[in-house]
Amino acid sequence: MGSAVITARAAATFEPVGRSVATARAFVRDTLQGWGYSDVVDDATVLTSELVTNAVIHAGTSADVLCLRMQDGVRIEVADRYPEREVPIQATAHAYASPDQENGRGLLLCAALASRWGVEYTPTFKQVWFQLELPQRQVGTRSSGPVLPTDLLPVADERVRVAVVQIDGEGTVANWNEDAESVFGHAAKNVVGKPLADIAAWPHTPGIGTGFDEALQLSRWEGSYGIHGADGRVIPVYATHLRVRDTQGEPSTVCLLVRDYERAVIQTPLRAPATEASGESRTADPFEVFIGSPAPDDLDGLLQRTVERARDMLDGDSAFLLLATDDETELEVRASTGLPSARQRFARVPVEAGTGRYGSARMPAVHEDLSAVPGAVPLLNGTGMRSVVTVPLKVEGRLTGSLGVAAENAGRYSNEEALRLQFAADRIALAVESARLGELERLRRGSLSFLVEASDLLAGTLDRDQTLALMAQMTVPTLATWCAVYTIADQSSDPYLSYVLHEDEDRIDGLKALLSKISPPDPVPAPGARVWTAPADAAHQAALRTSMRDLGRNSFDSTSSVGTTLATAAAVGGETVVLPLVARNRVIGMLTLGKPSDDHFRQEILELAEDLSRRAALALDNARLYSERTAISQALQRSLLPPGLPQVPGVEVDVIYRAAGEGNEVGGDFYDLFPIRDGAYGFAIGDVCGTGPEAAAVTGLARHALRLLAREGLSGPAVLERLNAAIIDEGSRSRFLSRFLTLLYGELWPQEDGSAILKMVCAGHPLPLRLRQDGTVEPAAEPQPLLGVMEDLELYEQTITLDPGDVLLCVTDGVTERREGARMLGDDGLADVLASCTGLTAGAIASRVLRAVERFAAEPASDDMAILVMRLPEPLPH
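Keep in mind the model is a prediction, meaning the values are calculated, not measured. (Residues numbered from 1 in each chain as written. Predicted model: local features only at pLDDT ≥ 70, side-chain atom pairs only at ≥ 80, totals over all residues. Heavy atoms only, no water.)

Q: How do you make sense of the overall build of the chain when you look at a structure like this?
A: Helix and strand counts for the chain stand at 19 helices and 35 strands. When burial is assessed residue by residue, the chain has 48% of its 878 residues classed as buried. At a minimum sequence separation of 6, the contacts of the chain that also span at least 24 residues come to 62%. Taken as a whole, the chain presents about 42,000 Å² of accessible surface, with 51% of it coming from carbon and sulfur. (Helix = DSSP H or I, 4+ residues; strand = E, 2+ residues; numbered from the N terminus. Buried < 20%, exposed > 50% of the residue type's maximum accessible area, 1.4 Å probe, protein only. Contact = heavy atoms within 4.5 Å. Areas by Shrake-Rupley, 256 points an atom, 1.4 Å probe, with all protein chains shown as cover.)

Printed below as a string of structure tokens:
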């Protein structure tokens, strides 16, 4: 301190708790104001707040604050009990420590604001001090400027006239002085009793709804507009308005107006920048002086630093910042400090109209006592704050946000604080808007990537349950903390809770139980998200009831019923929104998204969720249609298969059937075994050209026609000739049935001696193979023309006798034409497989043939396959 004379001192110690920061600010502020040093109060409280924060919050120790008054300024020392900090080296540009360290920020502020500063260490404590010098001003003045040359003084008329106009509570002119008559040319008798708005030329900036009448209702206002003179010309004026009330309590507004070029007469002077000890002016950037250098490079960090600096600058108890939407119709809470909770984060309120608006967001506003104007600033409801000052953030005349500082005591703020806060808001508005636009750009890019990935995932499945799971997993936790999907089967059905997901798996069961007990949201087809309060209300009531029942307990643990109920209530206690799932002009369900207690959705997130809900609704409806059509297709296909194989006396029968194509149960291959009459059985195995539903249509015709014609007593050739005619006849009327058919049809008569007589017709089909007991394999029929091609067929019947132990193998060409490159299994390969089946049962033979076919090639089979095996058991030895 050198030879400086200390004329007074004040000291206090503050405990390491968060509230100590505000108490320390108040201590310094009251001390300096008591000494009459109000000129340096703002800088002193900002620096003290930063240094005490470092001590009690970051270092976790108590803080000793010492204020020393000197003749030309004040010195403040802040000491803590944490000496291990790095000693900054003042000779280097990066000596103030890392920008990410809170103590570094405090030292940067000292360098920007203080005349002198330093850091002192002892073995037991660390002390940071700074010194602020008083500006050279005349005694008794509020502010003063330097001596200027005459040619630099503001221009005014020979006689400066100040128009004094008083406006009553109705907005009409009550008093109009002589200077007003001289400046504007209107006699008092012509304007008294008329609205001043009739002659005011109020600037109307597009998108800004604040009017002249609203400006007159503000407690204080200062700025430029125009007045229509008596000759019709607009006279630019600079005005300051003060709202007062008379002894009867009636309000009125006193307006002082001068010509615009004479504004220096009544304009509130801007606060002069601090000076160096040497008297040279500083060149510090006002933005960096307010925010601190370096400024945060992210929007949230910048906004949080802004509210903290604004709170410190006005010695407030809390501060908040809201950003405007693109259309300037709403404000969204983005940062706050000193408030009981963050429950208002991302909450939205209208700017101009409606309940709960934030006062006059487009202009500075001072509320001396919020208890007299309930709801003027909804963010502060129930917080204990009494007085508040709010100012707009504007860029090129466009509203981009609102900054406010509040205090617990009434009457703390006046128009002077509003002007200081507005000055700070003007310094940071462009940086905030730039950071906001950067964040929006990142959000949009992230949203596009998210939607592209979501579309790919949703398009990759046609399973309803998997689609529901994907919908929930894509929203949690990316968009919401929890999600519930309701589905609606048809127009007459109520919404059904189909899927529930929470980012904490332990909360899913409790959340599902809660949602199951309340009525689902109404299926409103209107697009967009709407708020749904039922889950939060139900959770609150359930928690209250459970708490009352368990009131006798000393503590609640997470495993008890009350602990689970309270955890569920906290999980759904925030904002819940419902988005309709609309597909093909029908509401097929609802997507419900929720946040935990005291949390809200950002509008950008809701817009992204709305885009996702449209894609998810279409995917869910596609899955529904696919499931329905698959069920119908499978039901129809099952109707084309034989209901079951009959028991044939003395004959083992086994069948293996494989239809090509995903989801197909029946294709172009078919088989059948059915009783014709006592002791006689018909069997058939056929192959329609092609696969899929078109081939299945011919399959159905052929199988049902065979049964019907065979039971009419017709011979094998007659049955096939009539079936041939039916196929040709239907093919001429339907493109689906214009297909040829290969068919092996036969009749089986088991004999008492264990043998069996077979009569067969092989119409273009692979020949049946007979396996004798000695391992010999031979064809059991001769080839004849296939069906569905020629109208006139001459078919004949062949009769063979199977001996006990013999096997008859019938297959479709999906077996014999199995390929691996240029190799094909063929009739010879099948015969070799059958030759190795001597002594096997019919089921074992069918399985061995199937394995041989599957192993012949690595690729899955692309054709239908049917394998029919009939075996006559060997007689038991006597």
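Q: Would you mind going over the sheet that holds strand β11 (residues 251-259) with me for this structure?
A: Each strand in a sheet pairs with its neighbour through backbone hydrogen bonds, running either in the same direction (parallel) or in the opposite one (antiparallel). Across the sheet, which stays open at both edges, the six strands sit in the order β7-β6-β11-β10-β9-β8 with antiparallel pairing between neighbours. With partners counted over all chains shown, the strands left at the sheet margins are β7 (173-176) and β8 (200-201), one partner each. In this sheet, strand β10 (residues 234-245) lies alongside strand β9 (residues 220-228) in antiparallel orientation, the contact comprising nine bridges. Considered in β10, the bridge of Ile-227 is made with Ile-235. (Pairing = 2+ DSSP bridges.)

Q: So what exactly am I meant to see when it comes to the packing of helix α9 (residues 415-459) against helix α10 (residues 464-475) here?
A: For any two helices packed against each other, the geometry comes down to the angle between their axes and how far apart the axes lie. At a minimum axis distance of 10 Å, the contact between α9 and α10 shows a crossing angle of 165°. By the angle class used here, α9 and α10 are roughly antiparallel. Judged by the sense of rotation from one axis to the other, the crossing of α9 with α10 is right-handed. The segment α9 lies against α10, with Phe-450, Ala-454, Leu-457 and Leu-458 engaging Thr-467, Leu-470, Met-471 and Met-474. (Axes fitted to C-alpha atoms, helices over the stretch in contact; angles between N-to-C directions. Parallel < 35°, antiparallel > 145°, perpendicular 65-115°, else oblique. Left-handed = near helix turned anticlockwise from the far one by under 90°.)

Q: Would you explain the nonpolar core in this entry?
A: If you look at soluble globular proteins, the nonpolar side chains tend to sit buried side by side. Ranked by size, the top nonpolar core spans 63 residues in total, and within it Leu-32, Val-65, Ile-76, Phe-130, Leu-403 and Leu-421 carry the most contacts. Setting aside residues no more than four positions away along its own chain, Leu-403 makes contact with Thr-306, Val-307, Ala-310, Phe-320, Leu-321, Val-389, Thr-390, Val-391, Leu-393, Leu-421 and Ala-425. In terms of nonpolar packing, the next biggest core, distinct from the first, is built from 33 residues, Ala-454, Ala-472, Met-474 and Ala-480 among them. (Core = buried A, V, L, I, M, F, W, Y, C linked by side-chain atoms within 4.5 Å.)

Q: Could you clarify how one ought to interpret helix α8 (residues 299-313) in this entry?
A: Within an α-helix, residues lying three or four positions from one another point in the same direction, as the helix has 3.6 residues per turn. A rise of 1.5 Å per residue sets the reference length of α8, with its 15 residues, at 21 Å; its end C-alpha atoms lie 21 Å apart and thus fit the reference within 8%. For α8, the buried fraction is high: 11 of the 15 residues fall into the buried class. Within α8, the full set of buried residues consists of Leu-299, Leu-302, Leu-303, Arg-305, Thr-306, Val-307, Arg-309, Ala-310, Arg-311, Asp-312 and Met-313. Backbone geometry just downstream of α8 places Asp-315 in the positive-phi region, at approximately 55°. (Expected span 1.5 Å × (residues − 1).)

Q: Teacher, can you tell me more about the environment of Met-760 here?
A: Secondary-structure assignment places Met-760 in strand β27 (residues 756-763). For the pair Met-760 and Ala-780, spaced 20 residues apart in the sequence, the C-alpha separation amounts to 8.8 Å. What Met-760 contacts, discounting residues up to four positions off in sequence, is Phe-683, Leu-744, Tyr-745, Gly-746, Pro-768, Ala-780, Ala-781, Tyr-796, Glu-797, Gln-798, Ile-800 and Leu-808.

Q: Would you take a moment to explain the side chain of Thr-253 for this structure?
A: On the secondary structure map, Thr-253 appears in strand β11. A residue is classified by how much of its surface remains accessible, and Thr-253, at 1% relative accessible area, is buried. Looking at Thr-253, its side chain comes within polar contact range of the main-chain oxygen of Leu-216, at 2.9 Å. Discounting chain neighbours no more than four positions away, the residues touching Thr-253 are Val-165, Gln-166, Ile-167, Leu-216, His-241, Leu-242 and Arg-243. (Polar contact = N/O pair within 3.5 Å; in protein donor to acceptor, adjacent residues only side chain to side chain.)

Q: Sorry if this is basic, but what is going on with a nonpolar patch on the surface here?
A: Together, Leu-148, Leu-152 and Leu-153 line one region of the surface with nonpolar side chains, adding up to about 290 Å² of accessible area. Taking the relative accessible area as the measure of exposure, Leu-152 reaches 54% and is therefore exposed. (Patch = residues over 30% accessible without salt bridge, like charges linked within 9 Å, V, L, I, M, F, W, Y side chains within 5 Å. Salt bridge = Lys/Arg side-chain N within 4 Å of Asp/Glu carboxyl O.)

Q: How should the confidence of the model for the chain be read in this particular structure?
A: Note that predicted coordinates carrying low pLDDT should not be read in detail. Across the chain, the average pLDDT comes to 81, with 83% of residues at or above 70. pLDDT under 50 marks residues 84-103. Its contacts with residues more than four places away, or in other chains, come to 27 contacts. Within the model, pLDDT remains below 50 along residues 555-560, and this stretch shows eight contacts once partners closer than five positions in the same chain are excluded. (pLDDT = per-residue confidence, 0-100.)

Q: Looking at this structure, I do not really get unusual backbone geometry. What am I missing?
A: Peptide bonds are, in most cases, trans, and in most cases residues other than glycine have a negative phi. Across the junction of Val-476 and Pro-477, the peptide omega takes the value 0°, indicating a cis bond. Among the secondary structure elements, Pro-477 is positioned in the loop between α10 and β18 (482-487). Positive phi, close to 55°, is recorded for Asp-315, a residue that is not glycine. Mapped onto the secondary structure, Asp-315 falls in the loop between α8 and β12 (318-324).

Q: Mind showing me how you'd approach the pattern of salt bridges here?
A: When charged atoms on two side chains of opposite charge get close, those side chains can pair. If you walk through the whole model with that rule in mind, you get 30 salt bridges. The partner of Asp-621 in a salt bridge is Arg-624, and the shortest N-O contact between them spans 2.8 Å. With Asp-621 and Arg-624 both in helix α14 (residues 603-640) and three residues apart, the pair spans about one turn of that helix. Since its relative accessible area comes to 24%, Arg-624 is described here as partly exposed. Between Arg-772 and Glu-778 there is a salt bridge, and its shortest N-O distance comes to 2.8 Å. On the basis of relative accessibility, which here comes to 27%, the residue Arg-772 falls in the partly exposed class. A relative accessible area of 27% means that Glu-778 is categorised as partly exposed.

Q: Please clarify how the pairing of β7 should be interpreted in this entry.
A: Along a regular strand, successive side chains alternate from one face of the sheet to the other. Relative to β7, strand β6 (residues 163-168) runs antiparallel, the two sharing three bridges. Counted as the bridge partner of Val-165 is Trp-176 from β7.

Q: Explain the packing of helix α18 (residues 826-835) against helix α19 (residues 842-856) here, please?
A: It is at 10 Å that the axes of α18 and α19 come closest, and there the two elements cross at 140°. Comparing their axes, α19 and α18 come out oblique. Between α18 and α19 the crossing geometry is right-handed. The residues of α19 that touch α18, namely those facing Leu-830, Val-833 and Leu-834, are Ile-845, Arg-848, Val-849 and Ala-852.

Q: In this structure, what is going on with the pairing of strand β4 (residues 116-121)? I would like to understand it.
A: Pairing of β4 with strand β5 (residues 126-133) involves six bridges; the strand directions are antiparallel. Counterpart to Val-119 in the pairing with β5 is Val-128. Hairpin connection from β4 to β5: four residues lie between these consecutive antiparallel strands.

Q: Where do I start with the packing of aromatic side chains in this structure?
A: Here the distance between the centres and the angle between the planes together describe a pair of aromatic rings. Going through the model one piece at a time under the given rule, you end up with seven aromatic pairs. Ring centres of Tyr-486 and Trp-532 lie 6.3 Å apart, and the angle between their planes is 80°; on these two criteria the pair is classed as edge-to-face. Taken together, the residues Tyr-486 in strand β18 and Trp-532 in the loop between β20 (530-531) and α12 (534-549) connect sequence positions 46 residues apart. Neither residue differs from the other here; Tyr-486 and Trp-532 are each classed as buried. Here the aromatic residues Trp-202, Phe-212 and Tyr-225 are joined through ring pairs into a cluster of three or more. Against the face of Trp-129 rests Arg-75, its NZ or CZ located 4.1 Å from the ring centre. Lying over the aromatic face of Phe-856, Arg-823 brings its terminal NZ or CZ to 4.3 Å of the ring centre. (Phe/Tyr/Trp six-rings, centres within 6.5 Å; stacked < 30°, edge-to-face > 60°. Lys NZ or Arg CZ within 6 Å of the ring centre and 35° of its normal.)

Q: Sorry, what's going on with the environment of Val-531 here?
A: Along the polypeptide, Val-531 turns up in strand β20. In sequence terms Val-531 and Val-577 are 46 residues apart; their C-alpha atoms lie 4.4 Å from each other. Filtering out sequence-adjacent residues up to four positions away, Val-531 remains in contact with Glu-575, Thr-576 and Val-577.

Q: How should I be thinking about the sheet that holds strand β15 (residues 365-367) in this particular structure?
A: Strand order across the open sheet formed by six strands is β14-β13-β12-β17-β16-β15, with antiparallel pairing between neighbours. Lying at the two open borders of the sheet, with one neighbouring strand each, are β14 (348-350) and β15. Taken pair by pair, the neighbouring strands of this sheet meet at an average axis angle of 25°, ignoring direction. One ladder, built from nine bridges, connects strand β16 (residues 387-395) with strand β17 (residues 398-407); its direction is antiparallel. When the bridges of β17 are listed, Val-391 appears paired with Leu-403.

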